[in-house]
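One letter stands for each residue in the lines below.
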Amino acid sequence: MRRLAMAVALMLAASAAQAARYEVMIVTWRGCEEACEGFQAQLRERGVDVEFVLRDAGQDRGRLPAFLAEARARQVDLILSWGTSVTQGLAGTLGEPGDPADFNHDIPQVFMIVADPVGAGLVESLERTGRRNLTGTYNRVPEEVNIETIRALRPDFRRLGLIYNGNEPNSVLKRAELAALATRLDFELVARALPLAADGEPREADIAPAIAALKADGADFLYLGSSSFLQRAGRTVTATAVQQGLAVLSPYEQLVREASALISVAPRYRDVGRLAGVQAERILTEGRQGGDLPVLQMRDFAVVINMQVARTLRLFPPLPLLQVAETVN
């Protein structure tokens, strides 16, 4: 009888453990990278009993409705969405027309790697999202910091060159943000949209002519803005810029380490993922509503400088900048 009671107790304990387990669907745009890994590590290290379901859109928004349908069918406890395209595709935007069932208004959702959640129409403000089930993280460096960093490198800086992808919301928003800042921060923005092919996508072959045109327009520094396409084509962008005598400031650290960008001022992606994990833990274990949580902002940024590129361009960082930067190459 005692053995039977013990067996029943063990079964009940196992059942309770299963019921307490959370299921989180992670939907990425181009694979599970450092932010995705950091998110998982944060929850695991905090002892949150969670199973992760990874789904990747492969840069195809057409896959997102099926992922949302699967999340509903599985009754997942939370969705993590990577990037603006994924987040818009799953959650929709404020005042999105059409059938509300097309978008996620019920499952708690946390977003990350979204350059401008307000400008993208995802939330009302960083302090209050205005979406019952949605919150996230904000990881972008203030553009004022980037402009002052450029001025530290080039005190004679006057014209900022920008190529952007008109097919990516983040890229278009970044162009608009920089244009709005130009007068206040006393610089001129020289921007060129990459032409789109018949399939609506830009082509890497058009990058070099665009950068040459920016150089001809008088750009004296190149900003590599928020764009998955330009990040993938980063070696072409940065190598072409150096050939044209243009230094590149990139929000993507790996383009300084692995390509020819001169400098990056950016948060570590793994830390961004961990911050998203903090949001998720509050929702999962404390029963908080996403809409009750402000969008958490990254406060720590890393400066990385490619010294080989600095020598090639004869653009040497001043000592105050070197004192806070990590140098590579």
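If you're wondering where the values come from, they're calculated on a predicted model, not measured in any experiment. (Residues numbered from 1 in each chain as written. Predicted model: local features only at pLDDT ≥ 70, side-chain atom pairs only at ≥ 80, totals over all residues. Heavy atoms only, no water.)

**Brief notes about the pattern of salt bridges**
Side chains carrying opposite charge are able to pair once their charged atoms draw close together.
Inference 1: In this structure the tally under the stated criterion is 22 salt bridges.
Inference 2: Put simply, Arg-274 and Glu-45 hold a salt bridge, and the shortest N to O gap is 3.0 Å. In this pair, Arg-274 is assigned in helix H11 (residues 269–286) and Glu-45 in helix H2 (residues 34–45), connecting sequence segments 229 residues apart.
Inference 3: Between Glu-286 and Arg-288 there is a salt bridge, with the nearest N and O atoms lying 3.6 Å from each other.
Inference 4: Owing to a relative accessible area of 35%, Arg-288 belongs among the partly exposed residues under this scheme. (Salt bridge = Lys/Arg side-chain N within 4 Å of Asp/Glu carboxyl O. Helix = DSSP H or I, 4+ residues; strand = E, 2+ residues; numbered from the N terminus. Buried < 20%, exposed > 50% of the residue type's maximum accessible area, 1.4 Å probe, protein only.)

**Here's the deal with the packing of aromatic side chains**
Inference 1: Going through the model one piece at a time under the given rule, you end up with 2 aromatic pairs.
Inference 2: On the basis of an interplanar angle of 70° and a centroid distance of 6.1 Å, the ring pair of Phe-39 and Phe-52 is categorised as edge-to-face. Of this pair, Phe-39 sits in helix H2 while Phe-52 sits in strand S2 (residues 50–56), and the two are 13 residues apart along the sequence.
Inference 3: Residue Phe-52 is classed as buried on the basis of its relative accessible area, which comes to 13%.
Inference 4: Relative to Phe-187, the ring of Phe-157 lies with its centre 5.9 Å away and its plane at 35°, an arrangement referred to as tilted. Placement of the pair is Phe-157 in the loop between helix H5 (143–153) and strand S6 (159–164) and Phe-187 in the loop between helix H6 (169–185) and strand S7 (188–193), with a sequence separation of 30 residues.
Inference 5: Judged by relative accessible area, Phe-157 falls into the buried class, the value being 2%. (Phe/Tyr/Trp six-rings, centres within 6.5 Å; stacked < 30°, edge-to-face > 60°.)

**Describing empty space enclosed by the protein**
Inference 1: Applying the stated criterion across every chain, the model contains 2 cavities of 30 Å³ or more.
Inference 2: If you trace the largest cavity, you find 19 residues lining it, with Trp-82, Ile-113, Asn-170, Ser-228 and Tyr-252 closest to the centre.
Inference 3: Where the lining of the largest cavity is concerned, the elements lending two or more residues are helix H4 (84–91), H6 and helix H8 (228–232).
Inference 4: Taken together, the elements giving at least two residues each to the lining of the second largest cavity come down to H5 and strand S10 (263–266).
Inference 5: Its residues assigned to classes, the lining of the second largest cavity comprises 7 nonpolar, 2 polar and 2 charged. (1 Å grid on protein atoms, 1.4 Å probe; cavity = no way out; pocket = protein on both sides within 12 Å on 5 of 7 lines; lining within 4 Å. Points joined across faces, edges and corners; volume = space filled by probe spheres on them. Nonpolar A, V, L, I, M, F, W, Y, C, P; charged D, E, K, R; others polar.)

**Regarding the side chain of Asn-133**
Inference 1: Within the element layout of this structure, Asn-133 appears in the loop between strand S4 (109–112) and strand S5 (134–138).
Inference 2: A relative accessible area of 4% places Asn-133 in the buried class.
Inference 3: Ignoring anything within four residues of it in the chain, the contact list for Asn-133 reads Asn-104, His-105, Asp-106, Ile-107, Pro-108, Gln-109, Gly-290 and Gly-291. (Contact = heavy atoms within 4.5 Å.)

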